[in-house]
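Architecture at a glance
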Amino acid sequence: MVAPKKLFIKTYGCQMNVYDSERMAEAMGGAGYVETDRPEDADMILLNTCHIREKAAEKVYSELGRFRGLKEAKPDLKIGVAGCVAQAEGEEIMRRQPLVDLVVGPQSYHRLPQMEARVREGGRALDTDFPLEDKFDTLRHRPKARRGPTAFLTVQEGCDKFCAFCVVPYTRGAEVSRPAARVLEEARDLVERGVREITLLGQNVNAYHGTGEGGDWSLARLIWALNDIDGLERIRFTTSHPNDMSDDLIAAHGECARLMPYLHLPVQSGSDRILKRMNRKHTAEGYLRLIERIRAARPDILISGDFIVGFPEETEADFQATLDLIEAVGYGQAFSFKYSTRPGTPAAERPQVDDAVKSERLQRLQDLITRQQRAVQDAMVGRTVGVLFEKPGRLPGQMVGKSDHLHAVHVAGSGLNVGDLARVEIVDSGPNSLAGRVLAS
Ligand code: 5AD
Ligand code: SF4
């Protein structure tokens, strides 16, 4: 018997990349590969890259440089670059880095096994097309392999919004939604394999409009159909745009039992002047009214957001408006970034805010968010929430899981197993997690 070849994948960036890496590993399973977590054992190394952060391409080059020694020791080692940097700079990577055998963009992952065969014969391969066929039809799950209690499931990809700072519309392409039946089939398969919580993924997930029985399906309709799958206990989705929060989706937060009370709804800035320049197509006031309606549907929902500070032309007054919006919302979770230029996006050409100013604003914003997060977390003490346990904790007998609101919760000596979902009374709040006590069911 031939020993299987080994594949090492390093994943950067968002949850969609994590999902894509799993699909690529499975597709390569069909080509005789098993995964390894040791690059030095690998016959193929794949970097699944992210373009959202600053100097993304430079980081990829320096990471690739580190594999030089491995390739010299093992000339048969193949090195590939996938993800959004591959999409944006594929040809440049091929030109600049001869170590790279293969470059594959996010819409072409189903072609990876054929590309691998080509590079095995000594060639190089580049595929950054946006093909018409559905890559997910080919990137099937490994049949019936058991898996952990939580999973991501991509339902939508790409973005038509063209926010002035963002590369996603260029790297992931136009918005595409998967047909509802395919999503439901994949969800049922995941549940059969032990999954109890599914997070639906999309760059603009709430703009989902897949074909389905009886016409176009909205995200809300998809969620209601998932809610009927026996054994699927929890549904989440990310990331949403304020302008696509439709009435049926807001209502689902109040009515759909398995849809969790957590919503990641980035606003980026609280200044209308900056929002306009960002091409966000909503105002701060519109966002606040939307949050009110969502909270009216589901009062305990935890709101999470993304913020950019130091966007071109942002003044102290604009920044203050962002702090005011944050004060008004009360975030339970947030991600914040200094604006950094992405070549090819409109904002990259504009006059930039001084880096020291950006750093100082980021610090103030993060201090405020940290206080809010902590307040929201502390307010959980005394409440009873559902917790899905994902792994043993650091202490003997301890288990760690996620609450309905996505807080990390640990419980002591409870005799629980990974995958158990229990009612837990929150008894304490620490810097990064809650402590709970399992209630007898
Ligand atoms: N500079 C800083 N932050 C950015 N993001 C996207 N593009 C940029 C950029 N050029 C942030 C946004 C987005 C999150 C995923 O990354 O806040 O919501
Ligand atoms: Fe990027 Fe999100 Fe704006 Fe689309 S909606 S361009 S993914 S920030």
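Every value quoted in this text rests on a predicted model; they were computed, and no experiment measured them.

**So, the site of ligand 1**
Neighbouring ligand 1 are the residues I52, R53, F165, Q268, D306, I308, F337, K338, Y339, S340 and R342. One of the side-chain nitrogen or oxygen atoms of D306 is found 2.6 Å away from an oxygen atom of ligand 1. Relative to its unbound accessible surface of 400 Å², ligand 1 loses 88% to contact with the protein. For the shell around ligand 1, the elements supplying multiple residues, two or more each, are strand 15 (302-309) and strand 16 (333-338).

**As for the sheet that holds strand 13 (residues 234-238)**
With respect to topology, three strands assemble into an open sheet ordered 7-10-13, the strand pairing being parallel. Of all the strands in the sheet, just strand 7 (150-154) and strand 13 have a single pairing partner and so form its edges. Averaged over neighbouring strand pairs, the angle between their axes works out to 25° when direction is ignored. Here helix 8 (residues 180-192) sits on the sheet and contacts strand 7 and strand 10 (197-201); the angle it forms with strand 7, its principal contact strand, is near 165°.

**Overview of the domain arrangement of the chain**
Domain parsing of the chain yields domain 1 (5-127), domain 2 (144-260) and domain 3 (384-438). Taking only C-alpha atoms into account, the centre of domain 1 sits 37 Å from that of domain 3.

**Concerning the packing of aromatic side chains**
One pass over the structure, following the stated rule, counts four aromatic pairs. Each ring, one from F162 and one from Y170, has its centre 5.5 Å from the other, and the planes form 80°; the classification is edge-to-face. Assessed through its relative accessible area of 36%, F162 is described here as partly exposed. On the accessibility criterion, Y170 (39% relative accessible area) is partly exposed. Measuring from centroid to centroid gives 5.3 Å for F311 and Y339, while their planes differ by 75°, and the two rings are edge-to-face. Of this pair, F311 sits in the loop between strand 15 and helix 13 (316-329) while Y339 sits in the loop between strand 16 and helix 14 (355-378), and the two are 28 residues apart along the sequence. An aromatic cluster is present here, built from F165, F311 and Y339 joined pairwise through their rings. The ring of Y19 has R23 lying over it, and the distance from NZ or CZ to the ring centre is 4.4 Å. Sitting over the ring of Y61, R96 keeps its end group 3.7 Å from the ring centre.

**Considering the site of ligand 2**
In the region of ligand 2, the neighbouring residues are C159, K161, F162, C163, F165, C166, V168, P169, N204, H241 and R280. For the shell around ligand 2, a count of residues per class yields seven nonpolar, two polar and two charged.

**Brief notes about the pairing of strand 11 (residues 209-212)**
Relative to strand 12 (residues 215-218), strand 11 runs antiparallel, the two sharing four bridges. Across the sheet, residue T211 finds its bridge partner in strand 12, namely D216. Taking the residues that link successive antiparallel strands as the turn, the strand 11-strand 12 hairpin has two residues, and the phi of G214 there is positive, at about 80°.

**Overview of the pattern of salt bridges**
Oppositely charged side chains may form a pair once their charged atoms are brought near each other. For the structure on display, the rule yields 36 salt bridges. Two residues, E58 and R96, come together in a salt bridge whose shortest N-O distance is 3.7 Å. Residue E58 is located in helix 2 (residues 56-65), and its partner R96 is located in helix 4 (residues 83-96); the two are separated by 38 residues in the primary sequence. Judged by relative accessible area, which is 42%, E58 ranks as partly exposed. For R277, the salt bridge is made with E313, and the minimal N-O distance between the two is 3.0 Å.

**Comments concerning the nonpolar core**
Generally speaking, nonpolar side chains in soluble globular proteins are found buried as a group. L200, L222 and Y331 are the most contacted members of the largest nonpolar core, which totals 59 residues. In contact with Y331, other than residues within four places in its own chain, are V267, Y287, I303, S304, G305, F307, L325, I326, I369, Q372, Q373 and V376.

**Section: the environment of G158**
Looking at the element boundaries, G158 is found in the loop between strand 8 (156-157) and helix 7 (168-171). As a C-alpha pair, G158 and H253 span 95 residues in sequence and 24 Å in three-dimensional space. When neighbours within four sequence positions are excluded, G158 is seen to be in contact with R172, G173, A174, E175, Q203 and N204.

**Focus: helix 4**
The α-helix advances 3.6 residues per turn, and as a result positions three or four apart in sequence lie on the same side. At E89, helix 4 shows its maximal kink, close to 85°. On its buried face, helix 4 sits against strand 3 (44-49), helix 2, strand 4 (78-82), strand 5 (102-104), strand 6 (125-127) and helix 7.

Thresholds applied
- Residues numbered from 1 in each chain as written.
- Chains lettered and ligands numbered in written order.
- Predicted model: local features only at pLDDT ≥ 70, side-chain atom pairs only at ≥ 80, totals over all residues.
- Heavy atoms only, no water.
- Near = heavy atom within 4 Å.
- Polar contact = N/O pair within 3.5 Å; in protein donor to acceptor, adjacent residues only side chain to side chain.
- Areas by Shrake-Rupley, 256 points an atom, 1.4 Å probe, with all protein chains shown as cover.
- Helix = DSSP H or I, 4+ residues; strand = E, 2+ residues; numbered from the N terminus.
- Pairing = 2+ DSSP bridges.
- Axes fitted to C-alpha atoms, helices over the stretch in contact; angles between N-to-C directions.
- Contact = heavy atoms within 4.5 Å.
- Domains from an automatic or database assignment.
- Phe/Tyr/Trp six-rings, centres within 6.5 Å; stacked < 30°, edge-to-face > 60°.
- Buried < 20%, exposed > 50% of the residue type's maximum accessible area, 1.4 Å probe, protein only.
- Lys NZ or Arg CZ within 6 Å of the ring centre and 35° of its normal.
- Nonpolar A, V, L, I, M, F, W, Y, C, P; charged D, E, K, R; others polar.
- Salt bridge = Lys/Arg side-chain N within 4 Å of Asp/Glu carboxyl O.
- Core = buried A, V, L, I, M, F, W, Y, C linked by side-chain atoms within 4.5 Å.
- Bend = angle between axes of the 7 residues up to and from the residue.

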